[in-house]
Structures are given as structure tokens and as C-alpha cells.
Amino acid sequence: MRKKVYIAYTGGTIGMQKAEQGYKPVPGHLQTMMSTLPELTHSTMPLYDIREYKPLLDSSNMTPDDWLKIAQDVASNYDSYDGFVVLHGTDTMAYTASALPFMLQGIQKPVIITGAQIPLCEVRNDARENLITAMLIAANFAIPEVCLCFGSKLLRGNRAVKVDAEGFDAFDSPNFPALGTVGIEIKINWDLVKPASKRTEAVTVRAMRESPVAVLRLFPGIPAGIVNNVLQPPLKGLVLESYGVGNGPQDVGLLKGFKAATARGVVIVNCTQCFKGSVNMEDYATGAALAEAGVISGYDMTVEAALAKMAYLFSRNLPPEVIKEKMQTDLQGELTRLPGG
Ligand code: ASP
């Protein structure tokens, strides 16, 4: 029996058409292009249904409401399909891929997010390969995870980051090996794939709302006054992009501001600006000073995952102490905390 895949088409370059102002999503255009590809009806391909979102979005325009819409869409079609493909713009794909694992509880089927750097309508494009590969993985590999599939890599969604604005291998997961590689064969690294949930109940969606959370990147000479403005209400959570293994300037005004904010219950999570590696605030006095001010470690989480996780936890109206504890705990494979770390 042919497998069945549900395609949630949210927008993005993959289905865009060239207009005077540049590429933009045009309703129906992707489906028209897909209908010209004989390979999509080949017997080795799954059957598919495609739902086009209204409006189609450039992913730069997406908000947590759109993440929720995708999660609810997958959940409400969950029983009728073998796997799910989410067609999405690349710009914020890593954020959506980071958020969905927290929202989609109990999935036992693959949810594969993909897109393209060049639209399907262009003669030379990466859209065709990415679409076909994502459909094949969604149909044939029982990976119970939200994954991001792009170019030659299949990545855990909440470990993925966009690393190249132009290249076809535009995503990577620097702190976690790829779940699979796409070459002559599609090879899955099953040892790394999360075990399927044992729960037999229906898949549930945990809501995600826009929350008063933000990201702030440290830089040499960052003025304490600007940071203190960011830390004021309504802010409830901050991902602080620090240097190296979690260090920051020992500026009295800055540290005073962090201390006052954490004392008020603002959750400040320390993630490194480095592409790769983990935070360890015990290594240097400059990191210990942040810990002393109440900043907690984000370990090896990507900024995208830390932000999505914080928005998710605040959406659940949990008290700051519980949010702090959960931010430092691996919930969905987004964080590795070494023993004693
Ligand atoms: N701006 C586009 C988007 O994120 C880029 C892309 O899809 O590659 O929707």
C-alpha cells in the first residue's frame, strides 16, 4: 500500500514566484509547479495531500501564532497520514523547528520541515530535491521527531540553525550529530533518534503564545543603560548571548541590572555566541559573575531553541522558579548536560 503524507505549505522561497519587488509567495503557484513533476506520482513516492496556508508567508513574517497553527494542523490530521512535511521559508525555519517539538506532545510519526534556497519554478533549484527527500523520509522512516531536512542533512529540529544565507546546505546542528545524511542513500543514524513515545493517547498540542521574552547579544562596550532598559517590564525572560563558555563583562552597572532583574523573577538564560560548544559559567571569573547575578546556564542550546523553549514555558504560565529548572533540563532533546555540568 502506498504511504500517505500530509504537506502543510506555509510559504517560503520553495513556492515563490518572481515579482517586481523580488520573490513572493503566490497562492496555487507551488501546486501548479508540482503538478508538472512526473516524479511526484511515481510508484515509489507516497500519495500526498497538500494544504496551502492563507496567507502564504515569507517566514520572516512568522510569529508564535503561526507555530501554533502548524502544530494544530499536524495534530488534527495526525491519524490519517504516515508522516508530515512542513514547507517553510528558510529564514525562521530553525525557530519553528525548535518550537514544534515542545508543542507537539506524543508524536510517533515524522514531522519533516523543509524549504529551498531557489524556488521550484526556477530551472536550477534545490526545491525539487528537498521536497522529494522530505516526502520520502516522512513516508518511509518512522522517526518520531520533528526534523529539519535540507540539502544533504536531516537534523533534529530543536538543534538546527541556519548557517548559510546562500548555500544549498543551509542548515547544521553544531552541537548534535545529524540524525541522517542524504546522499546516494538516505541513511538514518538510528542510535541518535529519540525513542517513540510509549503513550497511546492522541497527540496533544501545547499552546504557544507570544511571550515577553527577548534575545540580547553582548558586545564589547555594551552600555549598561541600554541593557537595563531591555530588562524592564514587561520582559519576563531573556536569552543572553555571551562570549565563549558563558562569559560577560564585569561591568558593575551591567551586573547590578542582571541581579535586580533576576531578583524580580526575570529568567535570564546564558547561551554562547559561539557557533559550537556549551556554556560553563564556572570556568572564568567573568562567567561566575553572571551566575552570581542569577543568570542560569543554557548549556549547549541554540539561541533559537532557548528562545522557543522559554516562550513555550511562559505560555504555560509556570512560575519563574519552575521555568528556570526546566530551562536547565533536557525536555525534547534540545540540550545536553554532561554529568556534573
Ligand atoms: N525569505 C524567505 C523565507 O524565509 C527565504 C527562504 O525561504 O529561503 O520565507
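Residues numbered from 1 in each chain as written. Predicted model: local features only at pLDDT ≥ 70, side-chain atom pairs only at ≥ 80, totals over all residues. Heavy atoms only, no water.

With respect to the packing of aromatic side chains
Working definition: an aromatic ring pair is given by the centre-to-centre distance plus the angle between the planes.
Here is step 1: For the coordinates displayed, the defined rule picks out 6 aromatic pairs.
Here is step 2: Taking 5.9 Å as the distance between ring centres and 10° as the angle between the ring planes, the aromatic pair formed by Tyr78 and Phe84 counts as stacked. Like Tyr78, the residue Phe84 is buried in the burial classification.
Here is step 3: Three or more aromatic residues joined by ring pairs make a cluster, and in this case those are Tyr6, Tyr78, Tyr81 and Phe84.
Here is step 4: The ring of Tyr81 has Lys4 lying over it, and the distance from NZ or CZ to the ring centre is 5.0 Å. (Phe/Tyr/Trp six-rings, centres within 6.5 Å; stacked < 30°, edge-to-face > 60°. Buried < 20%, exposed > 50% of the residue type's maximum accessible area, 1.4 Å probe, protein only. Lys NZ or Arg CZ within 6 Å of the ring centre and 35° of its normal.)

Focus on the sheet that holds strand β16 (residues 237–242)
Here is step 1: The strand order across the open sheet built from 4 strands is β15-β16-β17-β18, with neighbouring strands paired in parallel fashion. Across the chains shown, the open sheet's two edge strands, defined by having one partner strand only, are β15 (213–217) and β18 (296–297).
Here is step 2: One ladder, built from 5 bridges, connects β15 with β16; its direction is parallel. Paired with Val213 across the strands is Gly237, a residue of β16. (Pairing = 2+ DSSP bridges. Helix = DSSP H or I, 4+ residues; strand = E, 2+ residues; numbered from the N terminus.)

What to know about the side chain of Gln117
Here is step 1: Inspection of the secondary structure puts Gln117 in the loop between β7 (111–114) and α4 (127–140).
Here is step 2: A polar side-chain atom of Gln117 sits 3.3 Å from the main-chain carbonyl oxygen of Asp164.
Here is step 3: Setting aside its immediate chain neighbours within four residues, Gln117 contacts Thr13, Thr90, Asp126, Phe150, Lys162, Asp164, Ala165, Glu166, Gly167, Phe168 and Ala170. (Polar contact = N/O pair within 3.5 Å; in protein donor to acceptor, adjacent residues only side chain to side chain. Contact = heavy atoms within 4.5 Å.)

Things to note about the site of the ligand
Here is step 1: Lining the immediate surroundings of the ligand are Gly12, Thr13, Asp58, Ser59, Gly89, Thr90, Asp91 and Ala116.
Here is step 2: One of the side-chain nitrogen or oxygen atoms of Thr13 is found 2.9 Å away from an oxygen atom of the ligand.
Here is step 3: In the model, an oxygen atom of the ligand is placed 2.5 Å from a nitrogen or oxygen of the Ser59 side chain.
Here is step 4: If the ligand stood free it would expose 270 Å²; the protein chains cover 90% of that surface. (Near = heavy atom within 4 Å. Areas by Shrake-Rupley, 256 points an atom, 1.4 Å probe, with all protein chains shown as cover.)

Here's the deal with helix α9 (residues 320–327)
Here is step 1: When we look at burial in α9, the residues that qualify are Ile323, Lys324 and Met327. Taken around the axis of α9, the buried residues stretch over an arc of 100°, which confines them to a single face. (Arc of directions from axis to C-beta.)

Points about the packing of helix α8 (residues 303–315) against α9
Relative orientation and spacing of two packed helices are given, respectively, by the angle between their axes and the distance between those axes.
Here is step 1: Where α8 meets α9, the axes come as close as 10 Å, and the angle between the chain directions of the two elements is 145°. In this structure, the crossing between α8 and α9 has a hand that is right-handed. Residues Ala306, Lys309, Met310, Leu313 and Phe314 of α8 lie in contact with α9, whose contacting residues are Ile323, Lys326 and Met327.
Here is step 2: Split into classes, the residues belonging to the contact of α8 with α9 amount to 6 nonpolar, no polar and 2 charged. (Axes fitted to C-alpha atoms, helices over the stretch in contact; angles between N-to-C directions. Left-handed = near helix turned anticlockwise from the far one by under 90°. Nonpolar A, V, L, I, M, F, W, Y, C, P; charged D, E, K, R; others polar.)

Notes on the nonpolar core
Here is step 1: In this structure, Met103, Leu104, Val111, Phe171, Val269, Met310 and Met327 are the most contacted members of the largest nonpolar core, which totals 53 residues.
Here is step 2: In terms of residues, this core owes the most to one element, α8, which gives 9 residues.
Here is step 3: Setting aside its immediate chain neighbours within four residues, Val269 contacts Leu238, Val239, Leu240, Ile296, Ser297, Gly298, Met301, Met310 and Met327.
Here is step 4: In this structure, Val5, Leu40, Met135 and Leu154 belong to the second largest nonpolar core, which totals 32 residues. (Core = buried A, V, L, I, M, F, W, Y, C linked by side-chain atoms within 4.5 Å.)

Digging into the pairing of strand β3 (residues 22–25)
Here is step 1: With 4 bridges joining them, strand β2 (residues 16–19) and β3 adopt antiparallel strand pairing. Paired with Lys18 across the two strands is Tyr23, which belongs to β3.
Here is step 2: Linking β2 to β3, which pair antiparallel, is a turn of 2 residues.

Thoughts on the sheet that holds strand β13 (residues 186–188)
Here is step 1: Across the sheet, 8 strands lie side by side as β4-β1-β5-β7-β8-β9-β12-β13; this open sheet has mixed pairing. Each end of this open sheet is capped by a strand with a single partner; those strands are β4 (47–57) and β13. Taking the axes of each pair of neighbouring strands and ignoring which way they run, one obtains an average angle of 20° across the sheet.
Here is step 2: Across 4 bridges, the pairing between strand β8 (residues 146–150) and strand β9 (residues 153–156) is antiparallel. Its bridge partner lying in β9, Phe150 is registered against Lys153.

Geometry only, nothing functional implied.
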